[in-house]
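Listed below, chain by chain, are the residues.
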Amino acid sequence: MISMIIGNKGSGKTKRLVELVNAAVDSSNGNVVCIEKGAKLTYDLTHKARLVDSDEYCINDYDSLFGFICGMFAGNYDLTDLFVDATLRIGGRDYDKFADFVERLNAVCSKLDTKVTFTVSCDEGDLPEKVFKFAKKI
């Protein structure tokens, strides 16, 4: 299942994400991972969640983000929750490429029992309609 927290800068997306990550750690019987751009959430997240800085792995587009996430799934069979903060800053502001990325990721996630949540910094109306076929807004 793919979910998105959508809103403009300063609307509280990251704060909501931090709450969801910490809640997931409390309820999960597996691993919880959060991917972010930079190391800003180090002190906000519980130490039980794995925090990954996308810059350390040279992730700078949706193809590399997709490959990185698939690699995490392949190496972590008990990954229950995956969160990505600042998705458009990591992959780029091309909304059509973002929609294609979500569609590809949905094909992988539909085979797994992993919840994926993105923060997306834009107006909901800016996103292509097909994004909402594969992801729900929370």
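See the structure above.
Reading the values: the criteria
- Residues numbered from 1 in each chain as written.
- Predicted model: local features only at pLDDT ≥ 70, side-chain atom pairs only at ≥ 80, totals over all residues.
- Heavy atoms only, no water.
- Phe/Tyr/Trp six-rings, centres within 6.5 Å; stacked < 30°, edge-to-face > 60°.
- Helix = DSSP H or I, 4+ residues; strand = E, 2+ residues; numbered from the N terminus.
- Buried < 20%, exposed > 50% of the residue type's maximum accessible area, 1.4 Å probe, protein only.
- Contact = heavy atoms within 4.5 Å.
- Pairing = 2+ DSSP bridges.
- Axes fitted to C-alpha atoms, helices over the stretch in contact; angles between N-to-C directions.
- Expected span 1.5 Å × (residues − 1).
- Polar contact = N/O pair within 3.5 Å; in protein donor to acceptor, adjacent residues only side chain to side chain.

Is there a simple way to explain the packing of aromatic side chains in this structure?
Any two aromatic rings considered together are summarised by their centre-to-centre distance and by the angle between their planes. All told, the structure shown has 6 aromatic pairs when counted by the stated rule. A ring pair is formed by Tyr62 and Phe98, whose centres lie 5.8 Å apart and whose planes are at 55 degrees; its orientation type is tilted. Of this pair, Tyr62 sits in helix H2 (residues 62–75) while Phe98 is found in helix H4 (residues 95–109), placing the two residues 36 residues apart along the sequence. Since its relative accessible area comes to 5%, Tyr62 is described here as buried. On the basis of relative accessible area, Phe98 is assigned to the buried category, the value being 0%. The interplanar angle of 35 degrees and the centroid separation of 6.4 Å between the aromatic rings of Phe98 and Phe101 together place this pair among those described as tilted. Of the two residues, Phe98 and Phe101 are both situated in helix H4; the distance of 3 residues between them amounts to about one turn of the helix. The exposure class assigned to Phe101 is buried, which follows from its relative accessible area of 2%. Taken together, Tyr62, Phe98, Phe101 and Phe118 form an aromatic cluster joined through their ring pairs.

Got a minute to help me understand the environment of Met1 in this structure?
Following the sequence through the fold, Met1 ends up in the segment before strand S1 (2–7). Separated by 78 residues in sequence, Met1 and Leu79 have C-alpha atoms that sit 13 Å apart. If we ignore the near neighbours within four places in the chain, the residues touching Met1 are Cys109, Thr114, Lys115, Val116 and Lys136.

Looking at this structure, how should I read the pairing of strand S4 (residues 79–84)?
Taken residue by residue, a regular strand's side chains alternate between the two faces of the sheet. Burial within S4 is extensive, with 5 of its 6 residues counted as buried. As defined by bridge partners, S4 adjoins strand S5 (residues 115–121) across 4 bridges and the pair is classed as parallel. In the sheet register, Val84 faces S5, and the bridge partner there is Phe118.

What exactly am I supposed to notice about the sheet that holds S5 here?
To summarise the sheet geometry, strands pair through backbone hydrogen bonds and adopt either a parallel or an antiparallel arrangement. With parallel pairing, the 6 strands of this open sheet are ordered in space as S3-S2-S4-S5-S1-S6. Across the chains shown, the open sheet's two edge strands, defined by having one partner strand only, are strand S3 (50–53) and strand S6 (135–137). Neighbour-to-neighbour, the strand axes of this sheet turn through a mean angle of 20 degrees, independent of strand direction. Inspection of the sheet shows S1 paired to S6 by 3 bridges, in the parallel sense. Within S6, the position partnered with Met4 by the bridge is Lys137.

Would you explain H4 in this entry?
In an α-helix there are 3.6 residues to a turn, and that puts residues three or four apart on one side. For H4, with 15 residues, the first-to-last C-alpha span of 20 Å sits near the 21 Å given by 1.5 Å per residue. Residues of H4 that are buried in the fold lie against S1, H2, helix H3 (87–91), S5, helix H5 (131–134) and S6. Residue Asp94 occupies the N-cap position of H4, its side-chain oxygen lying 3.1 Å from the main-chain nitrogen of Asp96.

Treat this as a map of the structure, not an account of what it does.
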